[in-house]
Structure formats: C-alpha cells, structure tokens
Amino acid sequence: MFKKVCAIFLSFVIAFGFTLSSSLESYAYSRQKLNKSMQETAALMYKTIPKPVVASIGGEWTVLSLARSGIKVPKKYYEDYYKRVEKTVKDSKGILHRMKFTEYSRVILALTAINKDVTDVGGYNLLSYLSDFDNVKKQGINGPIFALIAFDAGNYDIPIDKKASVQTTRQGIIDFILDKEIHKGTSKAGGWALSGTDPDPDITFMAIQSLANYMDQKEVKEAVDRALKIMSKKQLSTGGYNSWGTENCESTAQAIVALTALGIDIDTDSRFIKTDKKGNKNTLMDGMMQFYCKGGGFAHVNEGYDGGGGSGTGLNAMATDQGMYALDAYYRYINGKNKLYNMTDASQTLAIGNNPDLEKKPNNDNNNGNNGNNNQNTNQGNRNNGNTNSNINGNTGNKNVKTDNQGNKKYTSNVGGKKVTTTENKSATISIKTIYSGEKDGLIPENKKCVIIQFEKKEKEQIVGFKVSEKKQQYLYYSKELSKKSRCATYIALFDTSVEKEALLNMDNYEFHEIQKEDNNTDQVITDVTDSQNKDQQQEDYTHPEKYEITFGDVNNDKVVNAQDILDVQSILSGKLDLTDERQIIAINVSMDSKIDNGDINQIMDNFVAKKDYTIFEVFSDKKDNKDSNNKSSDKENTSNKTSKDSQKEDIKQND
C-alpha cells in the first residue's frame, strides 16, 4: 500500500513541471560505451575528489571504485589517502564511530582494495572493532551485511574478542541476515528492508551481495532465490529499479553488483530483461546507464523529485560512486576477473601508474567542481545572498525615529535606495522546553540539546537570532506546525548544552527580523538594530525566510514530506549520507527520543501515508494547561523587558 501511495504521489510531482535534465544521455548498453563511461567517470572522480578522506561521500567508495576499475591511478593518490586514514584513526584513537560500525566496514573495503594491511592502521586493527556482534548490529541489518562483505573482501579471520557480549562469526552474521527476511517462514517470504514489510531493492541486493559466497548453504540459496524472484517482478520496463517510489541509479547499481556476485549473466538471464512499451528489451545496464551524465558520472534520478536543490537530476556524488563500482562489477564479470568485493587479487590487479586520461578536464555540462558535496539541503531561493548584505553594511543614511503605541522605537532609513525599517528588541513572555539531548556515540551530538522556544507576545513569521556573542547569532527555526499547536510563535533549535536556561529566558539575548513587502512586491528587510550595534559586523540575508523555517519530516527542506525524505533518512542510517546539518537532525527526530533510528522512519511514513501526528507534537497535547499558564504573567510584566531570574521563572510554563 505504501509503495502504491508513493508511486501515485511521485506521478503527481512529475506531472507538475519537473523536467528531464538536458545533460543526461539515455542509451542502450554496449561494451564500447562501458569502457568509455568507465574512463570518463574515473577521470571525473579523480579530478573532483583529489583528496579522498574517511567519509561516505568523497571518501572510501571513490577510492574503491577507482581501485577495482583496473584503470591506472597515480600511486600518490592512494598513498596520500592512506596517510589521511592513518591520521584519522590515530587522532580518534581507533574510534571511528560508536554507533555506525559500517564506518569500519567501509574503510576496510577501501584499504583492502588498495592492498593495505587493515590489521595495523596506525597501530590499530580495524577488524577488531567488528568482533562484537552487538556493536555490528546497532544499525540493524545494514551493519551485519557490510561487516560480512568486509571480512570476505580479504578473506580475513575475525578477531576473537574476549570482552564481546556476543562474538562475531560469519555464520552468526548469515543467520542474522536470514532471520531478517521479510515474512520469513510464510508463503510471502522474500527480500529484505531496513524497516517495513515491503522488500526494498537496495537492501535486498546488498543482502544478496553479502550472502553470495554462501550459496552452498541450503537456507541461504532458498532465501536468495526467493529474493531474486521478487526482485525480478519489481524490475521496471526500463531495466532499472525504484526505491520508495522513485526510479534511481543507486538501486539499479546494487542489483548489478549483486547479480554479478552470483555469477548471473545480466545480458542473457530472462528474469532480469524487461520489455518496454516500444518493444525494446532492456537489461540492468540499460536501466542504470539512463542516469549516465554526458562526460562522466551519474545522476540520482532523471525526472520527478530529485532530492532538493538540483542535487538529484544533475551530477550526483552518491550516484556516481555507486554507478562507477557497478560498472566495475560488470566489467570484472564479463572479463572473468574476481568479483567486485573479492579483493584477494588486489596485490596483482591494482593498477598503479601515470595516466594522462585522468588529467583531462571532464566534459560534463553539469560539473561545477562540486561532485562529492552531496548537499540535499540547498536553498534554491537564496539567490540574492550578499546583495542585501552589502547594502545594509554600506551607507545607512539619515534615520527617522518614531515610537509606536507600545513604546517601541522604529527607525526608517534609506539603504541602497530602499526603505528599511528597524526596531529595537521588544519584550515578550518566553517559554522554553528542552525536549531531548544528544547521547554519547549517537547521531545527535552529545554536546547538543534541542529546545522549543515560544514568544507569546511576538508576531509569527519572524526570523529570530540568539546572541551567542556580540558578533555572532544562532538562528532559530520557525515551525508553523508547533506554532499552530501552541497557539503562539514557536521556534526550535539545537543549542550547545553549555547554554544555560537563564540565557535562553533573557529577552535581551534575542534579535527579531521580519520580511516587509513593498508595493512593488520586492522583499525588504526589517531587522532589529540598536545604535550601539557594530555596523561593520557581518549581517545575515533576511530576505529569504525559508532558510529559517522547519517542517518535521522534511529532511531536504523542500517544504514537502514525501518518499524521498524517507529514503534520505534510510541513507543516513545506512551510512550512505553523513548527518551534519542541524536542521536535518531536528526535522528527522520526530519521535523525540534523543535518537535517530527506524522509529523516526516509521513515524515519517505514518505521517506521509495516514497523516498521523509525530510524537514531538505531544509537547503541546495539554492545551488547557497551556492556556492557564499563559495567564500567569500580567501584560505589564510582558512589556517591561524584565531580565531578573525571578521574573523569567514566572514566564516558564513548561520546565525542561
């Protein structure tokens, strides 16, 4: 049912104006084009990611893709990468992450691909961090899948960990993966997913990749055969696959890696050749190569919702990594070489040397040198950033001062030929609620706390900055959803745990900025400035309020919660995407439990499909108490700009 809803929704999106990127070239597969696309993509990766680091984007997958391609790469490229890995491991004292143990699996795969010793990286044995199975499975099924792939990549022995709660073994991992089969033990059994009961192509094919070496086990073979049967039915007429309602490059890439690992000929196996409306027979390679960008690299999608800010229909870092190592997998299969993840041949097949083709400038219309920065939070409306700032920081002109009937001073001045009105800080009742704090080793930083702040006497639709210092503000995110629930202007933000409650309750620590629309419909700025403020300090562009708004469940900040947001959370949990943006953290953690996990995926899914409220909205479930609390402070106190602790405490209606 969920898939059907996703498909209907995305069809609606496609129908309303999303167009095919002109830089993409969709064409049938040929060996000549395979070689060309591998060479072009390798050159693109080499040029746009000159210094790969320990990271899911711009890191290990890029190194692995180049190393397994058979294309010559200068030795220095790999050696410098290893030095950066070694430094990272040493600096972290071997702790790459305490929750995401796929970090170790990913680094092990890359180092194995370039023929490095993973048992001694700056004095640390990376395999040992995967020896406690309770750690490995913290990410759900994804952790065991990649741990098994990593162990098998170099045919490594699993270190014995006497302190482990559960010792990791190959058979233990296999049994865990088999046990997670959807509808296991029923007639509907088949396939895998991070959550839910609908087999997901990405996770299913990754699970198959990990089990490919164990097809001699009866239970493994039966589970893989069931999965292949389901995946055959899910394959699209284009030859590709969709995930969460969107046909994309990555899902099809995982299929190619999985089937080549099983030794299946995707050119001839009728289960994975589909006929389109024109009568063309399309293979998996046809399905993936429709996302190939002219001049090298891959896009995430061709049309429909793209992930935000053009990050999907143009050259995309994640799609390029996965598309490239899928090309590697197919190339290795048709040439009788080891499978992609069987790297026991690395010492003989790693191609090292000068390669003039890698130095050529990639001929890609969409390549702006940003591959590797897969930012799905681009604010498309922020095109004028800098223009308004330069005007504000320039001649402020003569000010006309007026006082409104509340005693608030307003200044009108001519800035860059535009009328700008500024106001001093006005007092209002402040209510705060700390709803969760980060945990050690979690996806939410341990030094952060999430706070809901209400300004009961303030207008909505304002941009609010909290003064971290005299020259720096931290901007809060306005929530229409929370404001509706609380019946007053309500904001949310991640603050350092060092920020005390008293500071958050002090109105003098806030500045309020509004958007003013003139008769010509041009957005103007109303910003709180006092005469004592340093006119030369850097100021923010307040002409785009969407930068300071948040919608729960809307991971990519496009103001719509849909299947792509769920896919993005899955990518974060599986380690495909890094989670560094505070807006994303707040938007994702709808379950309000100090963790980002499958519970958030399920709530976003329920909200998307059945319009069920998130747990976070329960903060304002008791409306009667809220109303009573609102009446505790007098109007006189609300406009007096009191900053003493006693008066602030009167204004708290929900203690953190």
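Residues numbered from 1 in each chain as written. Predicted model: local features only at pLDDT ≥ 70, side-chain atom pairs only at ≥ 80, totals over all residues. Heavy atoms only, no water.

### Section: the overall build of the protein chain
Note the threshold: Strands here mean DSSP runs of E at least two residues long; helices mean DSSP runs of H or I at least four residues long; both are numbered from the N terminus. To sort residues, take the accessible area from a 1.4 Å probe on protein chains only and compare it with the maximum for the residue type: under 20% means buried, over 50% means exposed, and anything in between is partly exposed. Any two residues having at least one pair of non-hydrogen atoms within 4.5 Å are treated as being in contact.
Looking only at helices and strands, the protein chain has 24 helices and 15 strands in total. Relative to its full complement of 656 residues, the protein chain shows a buried share of 55%. At a minimum sequence separation of 6, the contacts of the protein chain that also span at least 24 residues come to 70%.

### What about helix α11 (residues 249–261)?
Just so we agree on the cut-off: Multiplying 1.5 Å by the residue count of a helix minus one yields the expected span of that helix. Between N or O atoms, a polar contact is any pair within 3.5 Å; within protein, one atom must be a potential hydrogen donor and the other a potential acceptor, and residues adjacent in sequence are included only when both atoms are from side chains.
In this model, α11 (13 residues) spans 19 Å end to end at C-alpha, consistent with the 18 Å of a helix rising 1.5 Å per residue. Measuring from the side-chain oxygen of the N-cap residue of α11 to the backbone nitrogen of E250 gives 3.2 Å; that N-cap residue is N248. Just downstream of α11, G263 is the residue with a positive phi angle, here 80°.

### As for the sheet that holds strand β12 (residues 477–478)
Strand pairing in a sheet relies on backbone hydrogen bonds, with the paired strands running either antiparallel or parallel. Operational definition: At least two bridges found by DSSP between two strands are what make those strands a pair.
Read across the sheet, 4 strands follow the order β8-β9-β13-β12 without closing on themselves; strand pairing throughout is antiparallel. Here the strands that pair on one side only, and so sit at the sheet edges, are β8 (430–437) and β12. Here strand β9 (residues 448–455) pairs with strand β13 (residues 489–496) via 8 bridges, running antiparallel. Its bridge partner being in β13, K449 is matched across the sheet by F495.

### Regarding the packing of helix α7 (residues 142–153) against helix α9 (residues 201–211)
Defined as follows: Here, axes are lines fitted to C-alpha atoms. For helices the fit covers the stretch in contact, and angles between N-to-C directions go from 0 to 180 degrees. Working rule for handedness: look at the near helix, and if it is turned counterclockwise from the far one by less than a right angle, call the crossing left-handed; if clockwise, right-handed. For this classification, the nonpolar set comprises Ala, Val, Leu, Ile, Met, Phe, Trp, Tyr, Cys and Pro, the charged set comprises Asp, Glu, Lys and Arg, and every other residue, Gly included, is treated as polar.
Between α7 and α9, the least distance of the axes is 8 Å, while the angle of their chain directions is 35°. Both α7 and α9 take part in a crossing whose hand is left-handed. Seen from α7, the contacting residues are N142, I145, F146, L148 and I149; seen from α9, they are I203, M206, A207, Q209 and S210. Residues belonging to the contact of α7 with α9 are distributed by class as follows: 7 nonpolar, 3 polar and no charged.

### Comments concerning the packing of aromatic side chains
For the record, the criterion: Paired rings are identified among Phe, Tyr and Trp, the last through its six-membered ring, by centres lying within 6.5 Å, and are further divided according to the angle between planes into stacked (under 30 degrees), edge-to-face (over 60) and tilted (the rest).
In the structure shown here, the tally under the stated rule is 19 aromatic pairs. When the ring of Y104 is compared with that of Y129, the centres are 4.7 Å apart and the planes differ by 10°; the resulting orientation is stacked. Separated by 25 residues along the polypeptide, Y104 in helix α5 (residues 102–113) and Y129 in the loop between α5 and α6 (133–136) bring together distant segments of the chain. Residue Y129 is classed as buried on the basis of its relative accessible area, which comes to 18%.

### Here we look at the nonpolar core
Our working rule: For our purposes a nonpolar core is just a set of buried Ala, Val, Leu, Ile, Met, Phe, Trp, Tyr and Cys residues, chained together by side-chain atoms within 4.5 Å.
The biggest cluster of nonpolar side chains holds 101 residues, and the ones touching the most others in it are L109, L111, W192, M288 and Y341. With 8 residues, the top contributor of residues to this core is α7. Each residue touching L111, except ones within four places of it in the same chain, is listed here: Y81, Y82, V85, K116, V118, V121 and L126.

### Some details on unusual backbone geometry
With a phi close to 55°, K93 is a non-glycine residue in the positive phi region. Here K93 lies in the loop between α4 (75–91) and α5. Overall, K93 belongs to the exposed group, its relative accessible area being 63%. A positive phi is found at N115, a non-glycine position, where the angle reads about 65°. Along the chain, N115 turns up in the loop between α5 and α6.

### Examining the pairing of strand β10 (residues 462–469)
Across 4 bridges, the pairing between β10 and strand β11 (residues 472–475) is antiparallel. Within β11, the position partnered with K467 by the bridge is Q473. From the end of β10 to the start of β11, which pair antiparallel, there are 2 residues.

### Structural notes on the environment of I145
Note on placement: I145 falls in helix α7. You can call I145 buried: its relative accessible area is 0%. Put simply, I145 and I203 are 58 residues apart on the chain and 9.0 Å apart in space, counted from C-alpha to C-alpha. Leave out the neighbours within four places in its chain, and I145 touches I177, I203, M206, A207 and S210.

### Considerations on the packing of α4 against α5
At a minimum axis separation of 11 Å, α4 and α5 run at an interaxial angle of 150°. Here α4 runs over α5; the crossing is left-handed. Of the residues in α5, those in contact with Y81, Y82 and V85 of α4 are V107, A110 and L111. Here the residues of the contact of α4 with α5 are counted per class, giving 6 nonpolar, no polar and no charged.

### Side note on the environment of A110
Along the chain, A110 turns up in helix α5. Among the residues examined, A110 registers a relative accessible area of 0% and is labelled buried. Each C-alpha atom, one on A110 and one on A150, is 9.4 Å from the other, the two residues being 40 residues apart in sequence. Beyond its immediate sequence surroundings of up to four residues, A110 is in contact with E60, V63 and Y81.

No statement about biological role is implied by the geometric values presented.
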